[in-house]
Amino acid sequence: MPKVEVENVYKIFGPSPKQIIPLLEQGEDKTKILKKYKHTVGVNRTSFTVEEGEVFVIMGLSGSGKSTLIRCINRLIEPTSGRILIDGQDITALSSAQLREIRRKKIAMVFQNFALLPHKTVLDNVAFGLEIQRTNIEERRRKAKEMLEIVGLNGYDAAKPSELSGGMQQRVGLARALATEADILLMDEAFSALDPLIRKDMQNELLSLQQKMHKTIIFITHDLDEALKLGDRIAIMKDGNIVQIGIAEEILQNPADDYVREFTQDVNRARIITASAIMRDAESIVLEKSGVLIAARKMKELGISSLFVTKKSGELLGIVTIENVSSMIRQRKEDLETIIDKNIETVGLDASIDEIIPLFLNTKYPVAVLDEDNKLKGIIFKSTILAGIAGEGGNNDATHC
Amino acid sequence: MQPIARLPLGEYIEIGVKWMTNNLAGFFTGIREGLANLVGILGDLLYLIPVPLFIIIVAALSWWVSGKNLAIFSVIGLYLIYNLQLWDKTVLTLSMVTTATLIALVVGLPSGILMSKSNTADKIIRPILDFMQTMPAFVYLIPAVYFFDLGTPPGVVATIIFAMPPIVRLTNLGIRQVPEDVVEATKSFGATPSQLLFKVQIPLAIPTIMAGLNQTIMLSLSMVVISAMIGADGLGKVVYEGIGQMNVGKGFEGGLAVVIVAMLLDRITQCIGAVQKKSGKVFIQQLRDKHSQNKSI
Ligand SMILES: Nc1ncnc2c1ncn2[C@@H]1O[C@H](COP(=O)(O)OP(=O)(O)OP(=O)(O)O)[C@@H](O)[C@H]1O
Ligand SMILES: [Mg+2]
């Protein structure tokens, strides 16, 4: 059973929203309904499901209805029509007391501007969800302390939120959401107010928390990088509709329409990401120390069909292929140097993906990444590039993305 | 050209007021007695405090909320009042102000909260407040006399009406000013409406509410003085008698006492909002933090 099911949800703002639904069903669009009927379409017949443990990202331009949609899930905004099932239970049918119970136990929310309580200490902010549940004070403070530790803020118990930096405040926001042990987290642009480095940190933090906690997360963002990094699946919204849902790969490769395409191009990671960010560790052999047998053995071990050869100093000489190596072995020759192919493509550490991609047209080998002294630093495979664009990064992404 | 018939609004009001005085006499008498008692009891309580102790308490309070200057001012000012033999009248005025303010609070806070929760209530109450505030203060005195006779109680009633709007308005404003996302966050954790109100909205509105309280107190004081015209006792009476007797000196002394009381009330209540921040508990906490920081270094 899916954790969250959203079925045909509409949200229309205005004096008589229900009457607008038939018009939408007939295919009237948002602009016309605003002009002619003076109603704003927030969410227009939207359905999707989120599985337990999944990170579901919603993207879309400003005003496309993301915030409205996510607020329908805990009914901070009442949907005009449609059903929302949490663990199979239709929450649109609940009384306000039952709804409060769901909000207390099952769904927690993290806000773009943190929405901390300025009059309470950090500890009491984190404990706030439990305070609402009337948990006794020792218990909730104990729990809150635990959560502060998890988000790396121990020692700040007595501080007021205003004394913390933005990143720290959002950690408090996150800890507050985690403290109730709700298994669904709604995050509306939770990291958008943070500066890029802190933001990156928080994304990593969320991912590592997620590995331990397996929450079901619905995450809104404007940022494709963030979406690709965090999302198991991504939904793209436009004018209240979800125009495409899929895993990152599908969305990048088969954008449903121009709107989505624009979204995915908009980012242009290719221009931002450098070789050093996406390269893999350089597997190579040193000429002075190796012959064909070593080369063959290493290729077999790594499951690759070619191998870079360097001098002892690390300076790149060229590449040998499995075919050449095995023919040498058959001929019982040992000298590696004769089969080194010097016709390889190399790039500097800070070459961008845009510069690297064309190189693959000229070569069947991976591209070598060299430093100023022509020493081999890493290798880029064709597949690495894709992963790089998709935001995975190589072995040392943290310093470069 | 035929002049348009004049709407006899004044006559209607008079008829209405007469009807009420005739039919609701018991009700008004009850209120009258109640107010008289309340003012009396408060006055007696304040009288119980010996003058020097009173001055020390006010000075200490001033020191705590504001600082040395206000404390010195309060000692000199209150001593001057005592010296001019206006202490009794001042205490009376204070007890009227306190009574009126308390009642204004008891009625005004819930009204303000109601306005903040319901746009309909806001729409209904707002014009009433405008009316209460902009109607010239003296006008209240006439019906007050009709209903409550001459003396202190009608003065208190007129004062309550005149002084209540700020506390209502600013309670409403303070609650509405609480950031929307904080309210959302509170709701998202499953808070009941009363948890939202008492744990979040009112605490965050306190500075604004305190500003309203300050205004209410100041308006009370001014109206209590004016209501000497309908026989209310206190400093106003001193001033009013001064005017009646063409006694400039007496009038000035009374007026000076009013000014001193006004300044003290204003400064002290204005600072109370700010004081929350440096309240004892937080102060100690800060010391402790500093201490532990030093240790960890
Ligand atoms: N309370 C409201 N009353 C009327 N219209 C509203 C209300 N809330 C949102 N809307 C409208 O609904 C539409 C969707 O708004 P929403 O805030 O969900 O967009 P969003 O995708 O979250 O945008 P952003 O990226 O700027 O946060 C917008 O056209 C907005 O003007
Ligand atoms: Mg939004």
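Residues numbered from 1 in each chain as written. Chains lettered and ligands numbered in written order. Predicted model: local features only at pLDDT ≥ 70, side-chain atom pairs only at ≥ 80, totals over all residues. Heavy atoms only, no water.

Asker: Honestly, the site of ligand 1 in this entry has me stumped. Any pointers?
Answerer: Residues and elements named next belong to chain A. Not every one of the 14 residues close to ligand 1 is listed here, only the nearest: Ser-62, Gly-63, Lys-66, Ser-67 and Thr-68. Between Lys-66 and ligand 1, the recorded distance is 2.7 Å, taken from a side-chain N or O atom to an oxygen atom. In the model, an oxygen atom of ligand 1 is placed 2.5 Å from a nitrogen or oxygen of the Thr-68 side chain. For ligand 1, the protein covers 61% of the area, taking 630 Å² as the surface of the free molecule. Mapped onto the shell around ligand 1, the elements with two or more residues apiece are strand S2 (40-50) and helix H3 (66-73). By residue number, the principal contributor to the shell around ligand 1 is H3, which donates 3 residues. In terms of residue class, the shell around ligand 1 is made up of 2 nonpolar, 9 polar and 3 charged. (Near = heavy atom within 4 Å. Polar contact = N/O pair within 3.5 Å; in protein donor to acceptor, adjacent residues only side chain to side chain. Areas by Shrake-Rupley, 256 points an atom, 1.4 Å probe, with all protein chains shown as cover. Helix = DSSP H or I, 4+ residues; strand = E, 2+ residues; numbered from the N terminus. Nonpolar A, V, L, I, M, F, W, Y, C, P; charged D, E, K, R; others polar.)

Asker: Quick question: what am I supposed to make of the interface of chain B and chain A here?
Answerer: Size of an interface, as often reported, equals the accessible area lost when the parts are brought together. Contacts between the two partners involve 19 residues from chain B, matched on the other side by 26 residues from chain A. Both faces combined, the contact of chain B with chain A buries some 1,900 Å², and carbon together with sulfur accounts for 64% of it. The largest share of the area that chain B buries against chain A comes from B:Ser188, B:Phe189 and B:Lys199, three residues that together contribute 35% of it. Where chain B touches chain A, the interface holds 2 salt bridges. The salt bridge involving B:Glu184 is made with A:Arg71; its shortest N-O contact spans 2.5 Å. The interface formed by chain B and chain A includes 7 residue pairs in polar contact (both at pLDDT 80 or more). Among the elements of the structure, helix H9 (180-188), helix H10 (193-226) and helix H13 (280-296) of chain B are those that each provide at least two residues to the side of chain B that touches chain A. (Contact = heavy atoms within 4.5 Å. Buried area = accessible area lost by both parts, 1.4 Å probe. Salt bridge = Lys/Arg side-chain N within 4 Å of Asp/Glu carboxyl O.)

Asker: Please explain the side chain of A:Gln244 as it appears in this structure.
Answerer: All names here are of chain A. On the secondary structure map, Gln-244 appears in strand S10 (residues 241-246). By relative accessible area, which is 11% here, Gln-244 ends up buried. In terms of polar contacts, Gln-244 uses its side chain to reach the backbone carbonyl oxygen of Asn-254, at 2.9 Å. Residues in contact with Gln-244, not counting those within four places in the same chain, are Ile-234, Ala-235, Ile-236, Glu-250, Ile-251, Asn-254, Pro-255, Ala-256 and Val-260. (Buried < 20%, exposed > 50% of the residue type's maximum accessible area, 1.4 Å probe, protein only.)

Asker: Quick question: what am I supposed to make of a negative patch on the surface here?
Answerer: On the surface, A:Asp350, A:Asp354, A:Glu355, A:Glu372 and A:Asp373 cluster together into a patch of negative charge. Secondary-structure assignment places A:Glu372 in the loop between strand S16 (367-370) and strand S17 (376-380). (Patch = residues over 30% accessible without salt bridge, like charges linked within 9 Å, V, L, I, M, F, W, Y side chains within 5 Å. Lys, Arg positive; Asp, Glu negative; His and termini not counted. Charge placed at Lys NZ, Arg CZ, Asp CG, Glu CD.)

Asker: It is not clear to me how the pattern of salt bridges should be interpreted in this structure. Could you clarify?
Answerer: A side chain with one charge may pair with a side chain of the opposite charge, provided their charged atoms come close. Here the structure, examined in full by the defined rule, presents 32 salt bridges over all chains. In this structure, A:Asp87 and A:Lys106 form a salt bridge, with 3.1 Å as the shortest nitrogen-oxygen distance. You can see A:Asp87 sitting in the loop between strand S4 (81-86) and strand S5 (89-90) and its partner A:Lys106 sitting in the loop between helix H4 (96-105) and strand S6 (107-110), a full 19 residues away along the chain. The salt bridge involving B:Lys250 is made with B:Glu241; its shortest N-O contact spans 2.9 Å. Each of A:Lys3, A:Glu52, A:Asp87, A:Lys106 and A:Asp183 takes part in one network of salt bridges that share partners.

Everything listed here is a matter of coordinates, which is why it stays silent on function.
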